[in-house]
Amino acid sequence: MEQSLETFKALDPVAYLSKFTSSNTRPSSRPHHTSRKTTVLPSILTRNTHGSSLTTMGNTKIITGITLQVGTPSPSQPKSGEISIDISFSPLCGNQYNVGGRVNFSEYNVGNKSSAAISYSDPQSLESYIRRVVLSSEMVELDQLCIAEGKAAWKIVVSCMVINHDGNAVDGILLGIDVALKDLKLPPVKVEIVDKNPVVRFLQEGDIEEDADGSSFGKTLTFQKLMVPLTVGFFQGKMLVDPSLEEELLCEGMMTVVVDAMSLHHDENQSGDGNGMLTGDILDLTKSGGNLAAIEDIAACVQLAFGRAKELQSILL
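Draft legend 1. The pairing of strand 3 (residues 60-71), seen in detail. Here strand 2 (residues 51-57) pairs with strand 3 via seven bridges, running antiparallel. Across the sheet, residue Met-57 finds its bridge partner in strand 3, namely Thr-60. Here strand 2 hands over to strand 3 after two residues, with Gly-58 in that stretch at a positive phi of 65 degrees. As paired elements, strand 3 and strand 6 (residues 152-164) share 11 bridges and run antiparallel to each other. Counterpart to Lys-61 in the pairing with strand 6 is Asn-164.

Printed below as a string of structure tokens:
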């Protein structure tokens, strides 16, 4: 029986998935609106990073590490630092990824994959999207990265490596960035003038008390917001939350909603029982592939995203 199912799946994957979704379930036995088990572990790379995390969503695993550089802030924003995002996929994720973590299109069989499925597995496309979401969310005020106004500021380099890709890498990457940024500790430094030029000196433990005046001590960042994403795949009119890779490749369209976990509250005006509907701030909403989404579908995805944020509050906050 198991062999015949695998044959059916190989010969007609669309019909195979449709057989499950028409019965309101999925090949993994998950309900349509249920995410995979999610875990986040901070501080997994303590030697060469200033903040790190390991995010696991089902079989999708992402390692995130943060390194620091010192640069000169722009004249228009003399107090602001910078955040850079780099995303790559391990070659272990499939032969379509080269050793540089990018797509090797000569080995990439597009086949019947939708444009949404292709963009959600393309590191360059994801990198552009993730960078836009992180910066536009304003979860970190860049003024916190100032070392000396107009002279020096931190540049945070966030590197994300997908080490096992089993679908919905975008949610795992954003959650990994959340945890790595919360794990980040800026080292203590002091700006000195050498030959009329500012030089940033890293302080040792014995120097901190002596050079206390005007120093930037090791500190964590303060967050005004916290990104929680939820990606939904659209397959034959069904909404599949947190799609696995085999589902993602067959979905006609994808939608990712990013909400602020720190803004969640119950709107009592929406309910007469005193509890109210869960609501909050939407940081980003992106639709890729497929037909135009109905307003009812968008509203349902947003409400599912608020529920996802509530679910993950205990491990993120």
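Text resumes after the structure shown.
Draft legend 2. How the structure looks around the layout of surface pockets. Estimated volume of the second largest pocket: approximately 200 Å³. Along its surface, the second largest pocket is lined by Phe-234, Gly-237, Met-239, Glu-252, Gly-253, Lys-287, Gly-290, Asn-291, Leu-292, Ala-293, Ala-294 and Asp-297. For the lining of the second largest pocket, the class distribution of residues is five nonpolar, four polar and three charged.

Draft legend 3. Spatial organisation of the environment of Leu-312. Within the element layout of this structure, Leu-312 appears in helix 7 (residues 295-316). Since its relative accessible area comes to 3%, Leu-312 is described here as buried. The spacing of Leu-312 and Thr-38 is 274 residues in sequence and 8.5 Å in space, taken between C-alpha atoms. Setting aside residues up to four positions removed in sequence, Leu-312 forms contacts with Thr-38, Leu-175 and Val-228.

Draft legend 4. Representation of the packing of helix 4 (residues 123-137) against helix 5 (residues 169-183) within the structure. Remark: helix 4 packs on helix 5, axes separated minimally by 11 Å, with the N-to-C direction vectors making an angle of 45 degrees. Viewed along their axes, helix 4 and helix 5 adopt a mutual orientation that is oblique. Note on packing geometry: the crossing formed by helix 4 with helix 5 is right-handed. For the pair helix 4 and helix 5, the contacting residues are Leu-126, Tyr-129, Ile-130, Val-133 and Val-134 in the first and Ala-169, Val-170, Ile-173, Leu-174 and Ile-177 in the second. Classifying every residue of the contact of helix 4 with helix 5 gives 10 nonpolar, no polar and no charged.

Rules used throughout
- Residues numbered from 1 in each chain as written.
- Predicted model: local features only at pLDDT ≥ 70, side-chain atom pairs only at ≥ 80, totals over all residues.
- Heavy atoms only, no water.
- Pairing = 2+ DSSP bridges.
- Helix = DSSP H or I, 4+ residues; strand = E, 2+ residues; numbered from the N terminus.
- 1 Å grid on protein atoms, 1.4 Å probe; cavity = no way out; pocket = protein on both sides within 12 Å on 5 of 7 lines; lining within 4 Å.
- Points joined across faces, edges and corners; volume = space filled by probe spheres on them.
- Nonpolar A, V, L, I, M, F, W, Y, C, P; charged D, E, K, R; others polar.
- Buried < 20%, exposed > 50% of the residue type's maximum accessible area, 1.4 Å probe, protein only.
- Contact = heavy atoms within 4.5 Å.
- Axes fitted to C-alpha atoms, helices over the stretch in contact; angles between N-to-C directions.
- Parallel < 35°, antiparallel > 145°, perpendicular 65-115°, else oblique.
- Left-handed = near helix turned anticlockwise from the far one by under 90°.

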